[in-house]
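For reference, the chains in residue letters:
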Amino acid sequence: MIEQGIPTQLQAQLEPKKLSEDIERAKATLLKSIKRSVYVYRVDCGGCNACEIEIFSSITPVFDVERFGIKVVPTPRHADILVYTGAVTRAMRLPAMRAYEAAPDPKIIVSYGACGCTGGIFHDNYCVWGGTDKLFPVDVYIPGCPPTPAQTVYGFAMALGMLDQKQHAVNETEAEGERASLKFERIPYRLRVELEREARRLSGYRQGGDMCDAFLAALDNSETDAMKEVASLLAAQKDPRKVEVLTELKNLLESRIVGG
Ligand code: SF4
């Protein structure tokens, strides 16, 4: 079929596009372990928009796909990965192919959602061309209607070998008879909680927690005179803000000891 005024590579191709051997090889390496951040461009070919909503959820701080180095970009010219959502409609076939031609090789093509993978519920609609693989070779399919943000992150990370880069094996299995021990067991629970709350109230969750841990460790390590250990801890501080917080903890401790 010849379409007037449309470049040859964008004209209707009834046979799906074939890739050269070099590009196939480069893509296979990327898909095994990409070892870098990736730029993603999204093309909505004609879905119901629920897939888009889930993709946007994936880039919010809750799911934070950027922690894997996956960043959404506004142009296919900067993209390493093209994500196609929705069934390919006749109207969107050309823009979809234009985005494909604009992205530099070796680009990775992701078909997103049931519609992107197969045409989904719209597969037999009069204006639907089919799934993304009717236009060009697809490397990764992320199924679902729509895929949840967790499925989205997992699909990307698994497909690009990103989990191996981010996760290092740690054996968390509990050994026979093993029990997790409590920190600062010798200090009464209610006193520990009270000290920790006060420390966090004075200097925030993280810093307060760290200072309280140091304070409790000094108490826990003392064999005879706990207040002497606390005094040494205070003397070792160079930051006046820490001295102030630790002094408040010391005062609180003394009031509780005196108060019984
Ligand atoms: S896969 Fe489902 S949610 Fe996504 S575009 Fe198609 S119908 Fe909508």
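The rules we used
Residues numbered from 1 in each chain as written. Predicted model: local features only at pLDDT ≥ 70, side-chain atom pairs only at ≥ 80, totals over all residues. Heavy atoms only, no water. UniProt positions renumbered as here; feature names shortened; annotations may be inferred. pLDDT = per-residue confidence, 0-100. Helix = DSSP H or I, 4+ residues; strand = E, 2+ residues; numbered from the N terminus. Buried < 20%, exposed > 50% of the residue type's maximum accessible area, 1.4 Å probe, protein only. Pairing = 2+ DSSP bridges. Axes fitted to C-alpha atoms, helices over the stretch in contact; angles between N-to-C directions. Parallel < 35°, antiparallel > 145°, perpendicular 65-115°, else oblique. Left-handed = near helix turned anticlockwise from the far one by under 90°. Contact = heavy atoms within 4.5 Å. Phe/Tyr/Trp six-rings, centres within 6.5 Å; stacked < 30°, edge-to-face > 60°. Lys NZ or Arg CZ within 6 Å of the ring centre and 35° of its normal.

- As recorded by an unreviewed UniProt entry, the chain carries the name Hydrogenase and is attributed to Raoultibacter timonensis.
- The UniProt entry for the chain carries this comment under Cofactor (unreviewed entry): "[4Fe-4S] cluster".
- The heading Sequence similarities (unreviewed entry) in the UniProt record of the chain holds the text "Belongs to the complex I 20 kDa subunit family."

As for the confidence of the model for the chain
Here is step 1 of the chain: In this model, the chain carries a mean pLDDT of 82, and residues with pLDDT of at least 70 account for 84%.
Here is step 2 of the chain: Within the chain, the element-level pLDDT minimum falls on helix α6 (residues 162–166), averaging 54, and the maximum on helix α7 (residues 189–203), averaging 93.

Remarks on the pairing of strand β5 (residues 108–112)
Here is step 1 of the chain: Burial analysis of β5 places five of its five residues in the buried class, which makes it a mostly covered element.
Here is step 2 of the chain: Residues Ile108, Val110 and Tyr112 line one face of β5 and the alternating positions Ile109 and Ser111 line the opposite face, and both faces are buried.
Here is step 3 of the chain: In this structure, strand β3 (residues 81–85) lies alongside β5, joined through five bridges in parallel fashion. Paired with Thr85 across the bridge in β5 is Tyr112.

Digging into the sheet that holds strand β2 (residues 70–72)
For sheets, the rule is that strands pair by backbone hydrogen bonds, running either parallel or antiparallel.
Here is step 1 of the chain: Read from one edge to the other, the open sheet built from five strands follows the order β2-β1-β3-β5-β7, with strand pairing classed as parallel. Edge strands, defined here as strands with exactly one partner in the open sheet, are β2 and β7 (140–142). Direction aside, neighbouring strands of the sheet carry axes that sit 30° apart on average.
Here is step 2 of the chain: In this structure, strand β1 (residues 38–44) lies alongside β3, joined through five bridges in parallel fashion.

Notes on the packing of helix α8 (residues 205–221) against helix α9 (residues 226–235)
Here is step 1 of the chain: For the pair α8 and α9, interaxial distance at closest approach is 8 Å and the crossing angle is 140°. By the angle class used here, α8 and α9 are oblique. For the crossing formed where α8 meets α9, the hand is right-handed. Contacts between α8 and α9 involve Ala214, Phe215, Ala218 and Leu219 from the former and Ala226, Glu229, Val230 and Leu233 from the latter.

Things to note about the packing of aromatic side chains
Here is step 1 of the chain: For the structure on display, the rule yields two aromatic pairs.
Here is step 2 of the chain: Ring geometry for Tyr84 versus Phe136: centroids 5.1 Å apart, planes at 50°, classification tilted. Here the residue Tyr84 occupies a position in strand β3, and Phe136 occupies one in the loop between β6 (128–130) and β7, the gap between them amounting to 52 residues. Here Tyr84 matches Phe136 in class, with each residue buried.
Here is step 3 of the chain: For the ring pair Tyr100 and Phe136, a centre distance of 4.2 Å and an interplane angle of 10° mean the geometry is stacked. Residue Tyr100 is located in helix α3 (residues 90–102), and its partner Phe136 is located in the loop between β6 and β7; the two are separated by 36 residues in the primary sequence.
Here is step 4 of the chain: Relative accessible area serves as the criterion here: at 2%, Tyr100 is assigned to the buried category.
Here is step 5 of the chain: These aromatic residues form a ring-pair network of at least three members: Tyr84, Tyr100 and Phe136.
Here is step 6 of the chain: It is Arg93 that lies over the ring of Trp129; its NZ or CZ is 4.7 Å from the centre.

Focus: unusual backbone geometry
Here is step 1 of the chain: Note that the residue after Asp105, namely Pro106, is joined by a cis bond; omega there is -5°.
Here is step 2 of the chain: Here the residue pair Cys145 and Pro146 is connected by a cis peptide bond, since its omega of -10° sits within 30 degrees of zero.
Here is step 3 of the chain: In this structure, Pro146 sits in the loop between β7 and α5 (149–159).
Here is step 4 of the chain: In this structure, Asn49 is a non-glycine residue whose phi angle is positive, near 85°.
Here is step 5 of the chain: Mapping Asn49 onto the fold places it in the loop between β1 and α2 (50–58).
Here is step 6 of the chain: You can call Asn49 partly exposed: its relative accessible area is 41%.

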